[in-house]
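One-letter residues, chain by chain:
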Amino acid sequence: MIDLKKYTHIIWDWNGTLLDDAWLCVDVMNSMLKERKLPLKSIEEYMELFDFPVKDYYEKLGWDFDKEPFDEVGMEFINRYNERQGETRLHADVLRALSAFAGHGFGQSILSAREQNELIRETTLLGVFSFFEHIYGLDDHYAHGKNDVAIKLAQDLAIPREKLLFIGDTRHDAEVASEIGIDCILIPKGHHSRKRLELIGVPLIASLNDLIKLL
């Protein structure tokens, strides 16, 4: 049984956890794969393949970085994603969940592999920026991982680690939480399948609505 009462601050992942964007990642990637005559992927296949660092994920898709450097391919993906980012929306019950946690006295922050400036822009446009004490993203677009940023956030929060809870949607989120010594809950509604997340050994919760019910 998950006891939320032992925590005082929630650290949220952004992409896939609060922002419903896995479908867009598949769409954009398939457009790039099609142009290079590489096999396209379904959303189900994507959820089994996607991982951090994303360079490894690109290699699984068939990229040859001797022909196309990862920096160029990665930036092409980001540019195409950013052109369509306005099509994305928050997952169902995000505003209700953020409001519920705030109403119960929790502090809230974001820890994301999204580039920092884009992260600020997106949270502002989608009307959730004001819920967060800290919004920490990366200083580039290549999503190598967020361990270093997680350490900085935990230090800046200056809250005992046992009072922090990280809520994410990928195996990497669980790894990051473990790295900085905090608990983690995963929601299988984003970039990794439930099957993959069940192998990790951290609590899963079906939806944000189910999370709200635990308050």
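The structure under discussion appears in the preceding block.
### What about the state of the cysteines?
Thought 1: Applying the stated criterion to the full structure yields zero disulfides.
Thought 2: Distance from the sulfur of Cys25, which forms no disulfide, to the nearest cysteine sulfur (Cys184) is 19 Å.

### Brief notes about helix H7 (residues 147–157)
Helical geometry: 3.6 residues make up each α-helical turn, so side chains three or four residues apart lie on a common side.
Thought 1: Those residues of H7 that sit buried are Val149, Ala150, Leu153, Ala154 and Leu157. All buried residues of H7 fall inside an arc of 135 degrees around its axis, so they share one side. Counted as exposed and oriented over 90 degrees from the buried face of H7: Asp148 and Gln155.
Thought 2: In this structure, the buried side of H7 is in contact with strand E1 (9–12), strand E4 (107–115), strand E5 (134–138), strand E6 (164–168) and helix H8 (171–180).
Thought 3: Ala158, located one to two residues past H7, shows a positive phi value of around 55 degrees.

### Focus: the pairing of strand E7 (residues 183–186)
Thought 1: For E6 and E7, the ladder comprises four bridges, and the chain directions are parallel. Residue pairing across strands places Ile167 opposite Ile185, the latter belonging to E7.
Thought 2: For the handedness criterion, the β-α-β arrangement of E6, H8 and E7 is classed as right-handed.

### Topic: the sheet that holds E1
Thought 1: Read across the sheet, five strands follow the order E5-E4-E1-E6-E7 without closing on themselves; strand pairing throughout is parallel. Because the sheet does not close on itself, it has two edges, and the strands there are E5 and E7. Taken over all neighbouring pairs, the strand axes of this sheet differ in orientation by 20 degrees on average, direction set aside.
Thought 2: Across four bridges, E1 lies against E4 in parallel orientation. Across the sheet, residue Ile10 finds its bridge partner in E4, namely Gln108.
Thought 3: Contacting E4, E6 and E7, H8 runs over the sheet at an angle of about 170 degrees to E7.

### Some details on the pattern of salt bridges
Thought 1: Scanning all chains against the criterion turns up 18 salt bridges.
Thought 2: The residue Asp27 makes a salt bridge to Arg84 at a minimum N-O spacing of 2.9 Å. With Asp27 in helix H1 (residues 22–35) and Arg84 in helix H4 (residues 70–84), this residue pair connects regions lying 57 residues apart in the sequence.
Thought 3: One salt bridge in this structure joins Arg114 and Glu118, with 3.8 Å as the shortest N-O distance.
Thought 4: In the salt-bridge network here, residues are joined through shared partners; they are Glu35, Arg36, Glu68, Glu76 and Arg80.

Analysis parameters
Along each chain, numbering runs from 1 in the same order as the chain's sequence is written. Confidence filtering applies because this is a predicted model: local features only for residues at pLDDT of at least 70, side-chain atom pairs given and counted only at 80 or more, and all residues used for totals across whole chains, interfaces and linings. With hydrogens and water set aside, each side-chain value is computed from the structure's full complement of heavy atoms. A pair of cysteine sulfur atoms is labelled a disulfide when the two atoms are within 2.5 Å. Partly exposed describes any residue whose relative accessible area lies between the buried limit of under 20% and the exposed limit of over 50%, with all areas from a 1.4 Å probe on protein chains only and scaled to the type maximum. In DSSP terms, a helix is any run of H or I states spanning at least four residues, a strand is any run of E spanning at least two, and both are numbered starting from the N terminus. The arc under discussion is defined with respect to the helix axis, by the directions toward the C-beta atoms. Contact definition: two residues touch when any of their heavy atoms are within 4.5 Å. We call two strands paired when DSSP finds no fewer than two bridges between them. When the strands point away from the viewer and the connection leading from the first strand across the helix to the second strand turns clockwise, the crossover is called right-handed. Between N-to-C directions, angles cover 0 to 180 degrees, with each direction set by a line fitted to C-alpha atoms, over the stretch in contact for helices. What makes a salt bridge here is a side-chain nitrogen of Lys or Arg within 4 Å of a carboxyl oxygen of Asp or Glu, nothing more.

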